[in-house]
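Inside the fold
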Amino acid sequence: MTHIDAGAELDPVHPVPVPSAPASGLTTAQVAERVARGQVNDVPVRSSRSTADIVRANVFTRFNAIIGVLWLIMLFVAPIQDSLFGFVILANTGIGIIQEWRAKKTLDSLAVIGEARPTVRRDGTAAEVGTGDIVLDDLIEIGPGDKVVVDGVCREADGLEIDESLLTGEADPVVKRPGDQVMSGSFVVAGGGAFQATKVGREAYAAQLAEEASRFTLVQSELRTGISTILKYVTWMMIPAAIGLVITQLVVKDHDLKDSLARTVGGIVPMVPEGLVLLTSVAFAIGVIRLGRQQCLVQELPAIEGLARVDTVCLDKTGTLTEGGMDVMELRPLNGSDESYVQRVLGALGESDPRPNASLQAIIEAYPDTDDWRCTESLPFSSARKYSGATFNEGNGESSTWLLGAPDVLLADDDPALAETDRLNEQGLRVLLLARAHHDLDHPGVGDGAKAAALVVLEQRLRPDAADTLRYFAEQDVHAKVVSGDNAVSVGAVAGKLGLAGSTVDARRLPADTNDMGRALDEGTVFGRVTPQQKRDMVGALQSRGHTVAMTGDGVNDVLALKDADIGVSMGSGSEATRAVAQIVLLNNSFATLPSVVAEGRRVIGNITRVATLFLVKTVYSVLLAVLVVCWQVEYPFLPRHLTLLSTLTIGIPAFFLALAPNKERARPHFVRRVMRYSIPGGVVAGVATFVTYLLAQHHYTGSGALDAETSAATLTLFLISMWVLAIIARPYTWWRIALVAAMGLAFLCVLMVPWLQHFFALKLVGVTMPWIAVGIAVVGAAALELVWKWVDRRFPV
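Model, not experiment: these values are computed from the prediction. (Residues numbered from 1 in each chain as written. Predicted model: local features only at pLDDT ≥ 70, side-chain atom pairs only at ≥ 80, totals over all residues. Heavy atoms only, no water.)

**Describing the overall build of the protein chain**
If you tally the helices and strands in the protein chain, you get 27 helices and 23 strands. Contacts in the protein chain between residues at least 24 apart in sequence constitute 73% of all its contacts with a sequence separation of at least 6. Of the accessible surface of the protein chain, which amounts to about 33000 Å², a share of 58% is contributed by carbon and sulfur atoms. (Helix = DSSP H or I, 4+ residues; strand = E, 2+ residues; numbered from the N terminus. Contact = heavy atoms within 4.5 Å. Areas by Shrake-Rupley, 256 points an atom, 1.4 Å probe, with all protein chains shown as cover.)

Listed below in structure tokens is the structure:
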């Protein structure tokens, strides 16, 4: 039989008793003993994939395997210049690894800045430690906004309310008392207390959640999903085309084995759009690095893409449009209250809350506590209640209970003080009501019949960069919705000062039905008196009407909405709970960083969509050429070196620069459709024009060097049409884009004119007639491209 100490408590999760930790916490010796036993919260919080994962993901790909096998074949059967495509793949893979490794280093360093530092009580002293330094049985202090980082048992509670919605889905806060279980992954919404750690490290219930919250993830996004879909279809097209090509070159034509293999490989290699995946990863990685330099932590890569697709951004006023601090402007006693007495009450209220919010902090600074009033009971502020309170023993035998909060919540609708409150709110001022309660704090109707004693007028500090940021969103056709728990009139006045036009709505009058709420949200701009659950409902209502929604915030009342929004954006100074669920954390607490994130996302998506067309035009014409060669029973016109040269000059080098160029175009959906509607007709035009040139050249040239001359003419046509595709993709033109296209043309001209390059690439134009015919066919092909793409725009709009 197991003996259970009478002083121990049973943890609901553990069948064994959990001895109560002393109020002073563990001693230094006890901490050292637990560290030696390995009872440490050693969950590895990674902000990125490991180096080995990065190398593996970039090297071991389906297309690298195909190209690798073909490269090995070419090393044995053809000159080195026909194996250049393999070295290009090595270089591209190396670039991908280096860029993602740089992004990993950036994220790792930023994640340390944003890491939670819980307050742990040891040897009777409270101090902040790293999450990984917590040991079993540590006594951890918690307050509003703090995230519970390990599992434990509550030991001290002062009005402690914990939101476990991220674990259970239940939105209502749970009141915790000594002895109750506390789960990692939950967070404090009101009150304070301390709990004893009973599970640390990987044993904690939400250890995986804690790791995932700050992890560099390559999760699904429309861009990545679209590229995967394209590659899947490309693979299926490649297989029959490659088989037919192999049979034609090796069996039907009955030519030299090495030359047949070289031309077979030359037909298969360009079908692989291997650079497209690489370029996407590089573009995302560079985006992360750029944003990291601006102290913006991107916790999930697709968040860059997601914010670029956003058409509605919901802003929490406090901490986003306004700075966290406030100043008391005025104190207006009501109902004959003595002002000096009211100031003493306010000072006592400030002293009673160990973790004051911004409003109460302003009151503390204005009215420091100098009395010997003793707080006997307190009610922490809750965004759902809209008020806080405390009961005092005033030292003279008198006992009083006071409430401090929203006037329109504590006062009756016909109270004359509300009219004065409205006038102040219209000036953008925040107003709190001090009222004396007739009931105890634990009474469910504690605010009923409370007698108004004074209005506390607070001035909010506007963020100096908020107006410019709102103006940027308006210019980019992104609708800003201010969603706040404060008085609607006051929030509307603040929004008006920042130049945000639109109607103001009291959220208490919003319809509950999702469709009706969505219509009201589309029509309104500023929403006040919004509860945390309403914020979540509002995000869902906007999404139900087809909007892509971003939510910004820094308080615990924003967590539910941040979690459900398409993109959650948290301030670095916000609560640990908000940082855990947000995809983007603004470590510099600057709302003005958001335009940079939007711009970076638009740059990445717009440019990847642009250059994807280049890669896929090549894939389409390569497959088509293979099919035409099989049908006409002729030699494949190109060696690998020819298409390596063309790919480098018309796709590889230009795509790298175009993918990193500025691009402010708003991201649009249907990535696959938008890319393929240009790639298929473009590839067909290029393939047909090239094959026509090749067939004409076969009739024009005779003799031993005929095949090389035919190949050179076909290469000229294909290069010129590919250059025209590049010229279309590069629009609208800037000086550097014109220079880029011109440089690629000059490089090809050098190959045709320099003797050793002619020999190296086996390209030499013979005569005058056929080269000019090749140019003429290319001109016709370019004109056809222009006409076809314009027709596609009209016939198949996205």
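**Considering the packing of helix α14 (residues 417-426) against helix α16 (residues 488-497)**
Contact geometry for α14 and α16: axes closest at 7 Å, N-to-C directions at 15 degrees. One element, α14, and the other, α16, form an angle in the roughly parallel class. In the packing of α14 onto α16, the handedness of the crossing is right-handed. Taken together, the residues of α16 that come into contact with α14 (itself represented by D422, N425 and E426) are V489, S490 and A493. Tallied by class, residues from the contact of α14 with α16 come to two nonpolar, two polar and two charged. (Axes fitted to C-alpha atoms, helices over the stretch in contact; angles between N-to-C directions. Parallel < 35°, antiparallel > 145°, perpendicular 65-115°, else oblique. Left-handed = near helix turned anticlockwise from the far one by under 90°. Nonpolar A, V, L, I, M, F, W, Y, C, P; charged D, E, K, R; others polar.)

**As for the packing of aromatic side chains**
Throughout the structure, instances matching the rule amount to eleven aromatic pairs. A connected cluster of aromatic rings, assembled from ring pairs, spans Y341, W373, F392 and W402. Over the ring of Y233 we find K232, and its NZ or CZ is 5.5 Å from the ring centre. (Phe/Tyr/Trp six-rings, centres within 6.5 Å; stacked < 30°, edge-to-face > 60°. Lys NZ or Arg CZ within 6 Å of the ring centre and 35° of its normal.)

**Looking at the packing of helix α21 (residues 594-632) against helix α23 (residues 671-700)**
Contact geometry of α21 with α23 gives a least axis separation of 7 Å together with a crossing angle of 40 degrees. Our classification of the angle between α21 and α23 gives oblique. The two elements α21 and α23 cross, and the hand of that crossing is right-handed. For the contact of α21 with α23, the class distribution of residues is 20 nonpolar, seven polar and one charged.

**Topic: the sheet that holds strand β11 (residues 312-315)**
Taken in spatial order, the eight strands of this open sheet run β10-β23-β22-β21-β11-β18-β20-β19, and their pairing is mixed. Whereas interior strands pair on both sides, the edge strands pair on one side only; in this sheet they are β10 (296-298) and β19 (504-506). Taken pair by pair, the neighbouring strands of this sheet meet at an average axis angle of 20 degrees, ignoring direction. With respect to the sheet, helix α18 (residues 532-544) is in contact with β11, β18 (479-483), β20 (526-528) and β21 (549-553), its orientation differing from that of β21 by roughly 160 degrees. (Pairing = 2+ DSSP bridges.)

**Points about the pattern of salt bridges**
Opposite charge on two side chains allows them to pair when their charged atoms are near. This model, assessed by the stated rule, comprises 21 salt bridges. One salt bridge in this structure joins R121 and E156, with 2.8 Å as the shortest N-O distance. Here R121 is found in strand β3 (residues 119-122), whereas its partner E156 is found in strand β6 (residues 151-163), with 35 residues between them in sequence. Note on E156: relative accessible area 28%, which makes it partly exposed. A salt bridge links R471 to D468; its shortest N-O distance comes to 2.6 Å. Note that R471 and D468 are positioned in helix α15 (residues 466-475) at a spacing of three residues, about one turn of the helix. Its relative accessible area of 47% is what places D468 among the partly exposed residues. Taken together, the salt bridges that share partners define one network made up of D408, D506, R508, R509 and R529. (Salt bridge = Lys/Arg side-chain N within 4 Å of Asp/Glu carboxyl O. Buried < 20%, exposed > 50% of the residue type's maximum accessible area, 1.4 Å probe, protein only.)

**So, helix α9 (residues 274-293)**
If you check α9, its first and last C-alpha atoms are 30 Å apart, about what 20 residues at 1.5 Å a residue would give, namely 28 Å. A large share of α9 lies buried, amounting to 17 of its 20 residues. (Expected span 1.5 Å × (residues − 1).)

**A word on the nonpolar core**
Counting residues in each nonpolar core, the largest one holds 122 residues, and the members touching the most others are L307, I584, F591 and F748. Counting residues per element, this core draws most heavily on α21, at 17 residues. Among residues more than four places away in sequence, those in contact with F748 are L645, L646, L649, T715, L716, F719 and L763. (Core = buried A, V, L, I, M, F, W, Y, C linked by side-chain atoms within 4.5 Å.)

**A word on the side chain of R677**
Mapping R677 onto the fold places it in helix α23. Polar contacts involving the side chain of R677 include one to the side chain of D793, which spans 3.3 Å. (Polar contact = N/O pair within 3.5 Å; in protein donor to acceptor, adjacent residues only side chain to side chain.)

**A few points about the environment of R463**
Looking at where R463 falls in the secondary structure, it is placed in the loop between β17 (451-462) and α15. A relative accessible area of 14% places R463 in the buried class. For R463 and T320, which are 143 residues apart along the polypeptide, the C-alpha to C-alpha distance reads 7.6 Å.

In short, the description is geometric, and any link to function would need to be established separately.
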